[in-house]
Every structure is written in C-alpha cells, then in structure tokens.
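Descriptive analysis of the structure
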Amino acid sequence: MALRCDLIIRDAAVFDGTAAPRFNADVGIAGDRIVAVGDLGSAAADEEIIASGKAVAPGFIDAHTHDDRAVLCGPECMLCKMSQGVSTVVVGNCGISLSPVRMATRPVPPLDLLGDEAWWTFGSFGEYADRLRRDPPPVNTYALIGHMSLRVEAMSGDTRRAATDKEAEHMRRRLADALAEGASGFSTGLYYPPNMMAPTDEVIAVADALREAGGIYVTHMRDEASDVLASIEETLRIGRSVNAPVVISHHKCSMPENFGRSAQTLAAIDVAAGNQRVDFDVYPYPAGSTVLMPERARSDVPVQITWSVPHPDCAGRMLHDIAKDWGLELRDAAERLLPAGGIFFQMDEQDVQRIMAHRLAMIGSDGLPHDAFPHPRLWGTFPRVLGHYARDMGLFSMEEAVHKMTGHTAEVFGMIDRGVIRAGAYADLVLFDPTTVRDSATFAEPVKPAEGILKTWINGQLTYVAGRGAVAERAGRLVTRNGG
Ligand code: ZN
Ligand code: CU
C-alpha cells in the first residue's frame, strides 16, 4: 500500500539534528509524527510543499528560557520564539519558576522577571501542568522547578539566610512532588540575593529529590566572574552528590578582568565530563540581561535599561546617560530606577565564541519576554547562530549549529523523539532559507522578527508562517524528561 501523509515537504536540504551532513530528501508527516524521510516519490499527501533550495531542521529547542508565564498567555507572547523556528522551550531556569508558590505581594527580584503577584497563582506544579493541559501552550514546554521559588515558599519570604534542615526537607518534598507531577528537574540561581545565602549543603539536601526521580540539575552559578572555577567545582559536586546530570546555565566569564578565561573553564568542564554528565547552554551575545542590582554597578560595564517601574521612559537608555542627566552616581541612579532590569555589557566576544563552539554547548536564549526593551537575544538567538556565526563567520558548520539547538539539547534534557528528523520522531520542524537566515533584532531595535525562517510546525501542526505570524494557537504540550 502506498504511504499516505498529511504533508510532504519535498526536496529540502535536511539537517537531521545529529550534526550529520545535510542531505536532500522528502519528509513525510502524518498526525503528530514524521513517518518517512527519503525519496517519497510515489507517496501521496493532502498537502505538498516543494522546498528545493530551502532547508528543513528539527524545530529548535530553547535550552534556557524564562517563558513560564509567556507560554500561558498565548501565541502573541511566544511570537518572539515561534518566529525563530523554536518548537520547544525549557522554562524555570535560574532558580525562578512560576510554581509551586503563590504570592500575595510583588515577588522579590529576580522572581519579578516573571511578573507581579497577579501571575503567581500556582501552589503546586500539578496546578501549572493542569493549566497547560487545559490551555495548551503555543510551543512545547519542558519545566524545571526553581530553588528561589521553593525558598520563598518554605522560608515564608525570609530568604537572606541559610534554610534550616526542616525547611530544606520541606523544599525537597515539594520538589519531589513537582517531579512526580511532570516537572523534569531543579534549577538554582545562587548568584542572586534571595538564593546566595544558601550553602552548598542546602542545595544538595533539596536536590536529593532528583536522585530517585532521575531529574536534571541546572544552575545559574554562584559566581561567573573571578570565582567561576570554584563555582564550576561546586556545581559538579552537587551533581555528583545526588547522581544527577548537570547543566551550567549561560556559561560565561564575566567582567573585564576575567576576559579570556573560558580557555580555563572549558578545560575544567572537559576533564569533569570524563567522570560525570555535564553540559552547558550559551547565548550568542557578549552582553547579559537580568534585574538591575545597584550594588553591582561598575563604571567599566555599560548598562542599558530594559524596564523600570517608576521610570518606564528610561527603557532602552544607557544608565550612564541617565545618571548624568540626573546628576547622580551610577549606583544612586540605579537605585532610583528600581525595580528595574538591564543589559550588562560584561563579556568578551572571543569567550562567547569559544564557549559556543565547544562540543558540549547548547543554544539557549535566556530571553526575557516581559521586558519593555528586551535584550535582542529574545528575538534573535537562533537565526543569529545559524546566520551570523555558522554561515557568515564559519565558527562551526550549519549542521553543528543545528545540532547545538536540537539533537544535542534533546539528548541532554531527555526529550524522547524530539530534536531529530527521522521516521517515528515528533513532527517538530522548521523550514528555513539557509542563504538568507539571519537575526534582525539589535540592541537599538530589539523587537524584530528574524529573516529567513519560513515555517514552523509543532507536533505536526503548522504554527508559524513568515509574513503572517502565528497560525495555530496551541500546538504545544508539556514535555517531560524521558517522555515525549
Ligand atoms: Zn541566569
Ligand atoms: Cu536565565
């Protein structure tokens, strides 16, 4: 019997997500799966796309996001990702997850990156997962539980200290419950004030829930600057102590005095990778973005304001200029802007490239979808890696670039049948033009859809078409570790 498909994409250059050389083939889709890859000359389909000269890849997996709330508010909130060919996002990073904690007042920074108290209504991960089942997300969603969210709940907001054994045990149980309800791992943000008083032993005590559940440990480390090597050691120790694979978030060597040190950090990670599972994510820009912390202002690190509650008109401006206008020191101007967020130009381009090119690197945007004037990584990360870094600069092949945003990522997080193009895998796909794909978003104009991303499918449903925007509301699902 002849093969029958809902859709056949014909004669595309197939990047299959494994880093294997691209090959020309037809890709057949039925229901939510890829059913055949090859010469499907005789097969019939309800719809056919002739894709000669175009490329098809697995839908991109954004390894590092803060989209916990954005996935709940429909396709308009996720256009930033859908327009990049992203089909799956990992939420709950940096110790920040929208569950399991309710808030009566505005959450302490950086939890407020996800929104004010009105958004903090999920007392358990099960409630968040139920919401995703009832109103499916526009893109597949894979969730981590944040240490900071657990701390605020367990310690009744009094987080500027170590947790007691009883509080740590409470957090461990809450994490275990969440993992049983469909969360896939545990994230920390030990860099941030509400978390930095947590000693390593507290983290290990909570993370112990990962051991039985087989969850993953993901961390925005305590220090990404002068003490970055010690932080890598701490991270590896936590992973070993609870027998969990480790992901170092947005790996970087921060601050001018540490420029060039990625040679050391990557060497240390390489050695460790011989003994335990460790990978990292990275975004393709030499600037980070998070909440504004006045006590950390430095004259040699330019800051661009991304949002400010008392001074919304300052979004997009440089802190330096604002301080001058106000006749204030940097720190005092920053103080006056709070609560606020910023972009911090604190990395070296050579480090960014060395880290991205490493075999263990996954691409993660770390985009902040609710910022008034966001870092361009929110709209530009994936096309920037494909266009600027792979095609134009030749930092690595486009095949490797695709692998860093699909197959490698799915393997690290344990997303079964995703991140690859082969018969039987989920039909998460992106059609793009390999000759024109590029990021358009810049620090001056950050909200701009990429060029050359033509169509995105999620679970077999067409979700995004260039020039038209989102065409399906809710094609995504909750994706779990070692599940679909
Ligand atoms: Zn982070
Ligand atoms: Cu982050």
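Attention shifts here to the coordination of the zinc ion (ligand 1). All of the protein donors around the zinc ion (ligand 1) are Cys 94 (SG), His 220 (ND1) and His 250 (NE2); their distances to the metal are 2.0 to 2.3 Å. Here the donor residues of the zinc ion (ligand 1) are spaced in sequence according to C-x125-H-x29-H. A separation of 3.1 Å is found between the zinc ion (ligand 1) and the copper ion (ligand 2), which share Cys 94 as a coordinating residue. With Cys 94 in the loop between strand E7 (86-91) and strand E8 (101-102) and His 250 in the loop between strand E13 (246-248) and helix H9 (262-273), this residue pair connects regions lying 156 residues apart in the sequence. Exposure class is identical for Cys 94 and His 250. Each is buried.

Along its sequence, the chain is carved into domain 1 (59-289 + 345-415) and domain 2 (290-344). One C-alpha centre belongs to domain 1, the other to domain 2, and the line joining them spans 25 Å. Contacts between domain 1 and domain 2 engage 24 residues on the former and 20 residues on the latter. A per-residue breakdown of the area domain 1 buries against domain 2 is headed by Ser 289, Phe 345 and Phe 373, which together make up 36% of the total. If you look at where domain 1 meets domain 2, you find 1 salt bridge. Across the pair Arg 298 and Glu 257 runs a salt bridge, and its minimum N-O distance is 2.8 Å. Applying the counting criterion to the domain 1 and domain 2 interface returns 10 residue pairs in polar contact (both at pLDDT 80 or more). Secondary-structure elements contributing two or more residues to the side of domain 1 that touches domain 2 are helix H5 (193-196) and strand E15 (288-291). Among the residues making up the side of domain 1 that touches domain 2, the classes are represented as 16 nonpolar, 4 polar and 4 charged.

On to unusual backbone geometry. A cis amide bond links Pro 109 with the next residue in sequence, Pro 110, at an omega value of 0°. For the bond running from Leu 338 to Pro 339, omega is -10°, close enough to zero to count as cis. In this structure, Pro 339 sits in the loop between helix H11 (330-337) and strand E17 (340-344). Despite not being glycine, Asn 482 shows a phi value in the positive range, around 60°. Here Asn 482 lies in the segment after strand E23 (478-479).

Before going further, it helps to spend a moment on the environment of Ala 466. Mapped onto the fold, Ala 466 is located in the loop between strand E21 (461-465) and strand E22 (469-470). Sequence separation between Ala 466 and Glu 451 is 15 residues; the distance between their C-alpha atoms is 8.4 Å.

The next thing to look at is the packing of H9 against helix H12 (residues 349-357). Across the interface, H9 lies against H12 with an axial gap of 10 Å and an inter-helix angle of 20°. As the angle between them shows, H9 and H12 are arranged roughly parallel. Taken as a pair, H9 and H12 cross one another with a handedness that is right-handed. For the pair H9 and H12, contact is made by Ser 262, Ala 263 and Leu 266 and by Asp 351, Arg 354 and Ile 355, respectively.

So, about helix H2 (residues 125-134). Taken residue by residue, H2 has Phe 125, Gly 126, Tyr 128, Ala 129 and Leu 132 as its buried positions. Axial view of H2: buried residues confined to an arc of 160°, hence all on one face. For H2, the elements touching its buried residues are E7, strand E9 (121-122), strand E10 (140-146), helix H4 (165-180) and E23.

In strand E19 (residues 429-432), alternate side chains face the same way, and those of Leu 429 and Leu 431 on one face and Val 430 and Phe 432 on the other are all buried. Judged from the 4 bridges that link them, strand E5 (residues 55-58) and E19 form a sheet pairing that is antiparallel. Looking at the pairing, Ala 57 lines up with Val 430 of E19. Relative to strand E20 (residues 453-458), E19 is paired through 4 bridges, and the arrangement is antiparallel. Residue pairing in the sheet places Leu 429 in a bridge with Trp 457 of E20.

Tetrahedral coordination by four donors places them ideally at 109.5 degrees to one another around the metal; octahedral coordination by six donors ideally gives 90 or 180 degrees. Within the protein, the copper ion (ligand 2) binds to His 64 (NE2), His 66 (NE2), Cys 94 (SG) and Asp 366 (OD); these donor distances fall in the range 2.1 to 2.4 Å. Each of the 4 donor atoms around the copper ion (ligand 2) contributes to a set of angles spanning 86 to 165°, which defines the coordination as irregular. Each donor residue of the copper ion (ligand 2) lies on one chain, and together they are spaced H-x1-H-x27-C-x271-D. By relative accessible area, Cys 94 is classed as buried at 3%. A residue is classified by how much of its surface remains accessible, and Asp 366, at 5% relative accessible area, is buried.

Turning our attention to the pattern of salt bridges. Counting across every chain of the model gives 37 salt bridges. Ionic pairing is found between Arg 277 and Glu 411, a salt bridge with its closest N-O pair at 2.9 Å. Linking Arg 277 in the loop between H9 and strand E14 (278-282) with Glu 411 in helix H15 (residues 407-413), this pair joins segments that are 134 residues apart in sequence. For Arg 277, a relative accessible area of 36% puts it in the partly exposed group. We classify Glu 411 as partly exposed; its relative accessible area is 47%. Here the salt bridges do not stand alone but share partners, grouping Asp 32, Arg 33, Asp 417, Arg 422 and Arg 477 into one network.

The rules behind each value
- Each chain has its residues counted from 1, running along the sequence as written.
- Naming scheme: in the order in which they are written, chains are lettered from A and ligands are numbered from 1.
- Two thresholds apply to this predicted model, a pLDDT of at least 70 for residue-level local features and 80 or more for giving and counting side-chain atom pairs, whereas whole-chain, interface and lining totals are computed over all residues.
- As a rule here, side-chain values come from all non-hydrogen atoms in the structure, and water together with hydrogens is ignored.
- Only N, O and S atoms count as donors, using a 2.8 Å limit from the metal and a wider 3.2 Å limit for Na, K and Ca, and since water is excluded some coordination spheres may look unfilled.
- Secondary structure counts use DSSP, requiring at least four H or I residues in a row for a helix and at least two E residues in a row for a strand, with both numbered from the N terminus.
- Only protein chains enter the area calculation, which uses a 1.4 Å probe; residues under 20% of their type maximum are buried, those over 50% are exposed, and those in between are partly exposed.
- Where a domain begins and ends is set by an automatic assignment or by a domain database.
- Contact between two residues is taken to exist if any of their heavy atoms lie within 4.5 Å; hydrogens are not considered.
- Summed over both partners, buried area is the accessible surface (1.4 Å probe) that two parts give up on being assembled.
- The salt bridge criterion pairs a side-chain nitrogen of Lys or Arg with a carboxyl oxygen of Asp or Glu, the two atoms within 4 Å.
- Throughout this description, a polar contact denotes any pair of N or O atoms lying within 3.5 Å of each other; where both atoms belong to protein, one of them has to be capable of donating a hydrogen while the other can accept it, and for residues adjacent in sequence the pair is counted only when both atoms sit in side chains.
- Residues are sorted three ways: Asp, Glu, Lys and Arg are charged, Ala, Val, Leu, Ile, Met, Phe, Trp, Tyr, Cys and Pro are nonpolar, and all the rest, Gly among them, are polar.
- Inter-axis angles, ranging from 0 to 180 degrees, are taken between N-to-C directions of lines fitted to C-alpha atoms, where helices are fitted over the stretch in contact.
- An angle counts as roughly parallel when it lies under 35 degrees, as roughly antiparallel when it exceeds 145, as roughly perpendicular when it falls between 65 and 115, and as oblique in every other case.
- A crossing counts as left-handed when the near helix is turned anticlockwise from the far one by less than a right angle, and as right-handed when that turn is clockwise.
- Arc definition: directions from the helix axis to the C-beta atoms.
- The criterion for strand pairing is that DSSP finds at least two bridges linking the strands in question.
- Just to be clear on the cut-offs, tetrahedral is four donors with all angles between 85 and 135 degrees, square planar is four donors and octahedral six with opposite donors over 155 degrees apart and all others between 65 and 115, and anything else goes down as irregular.

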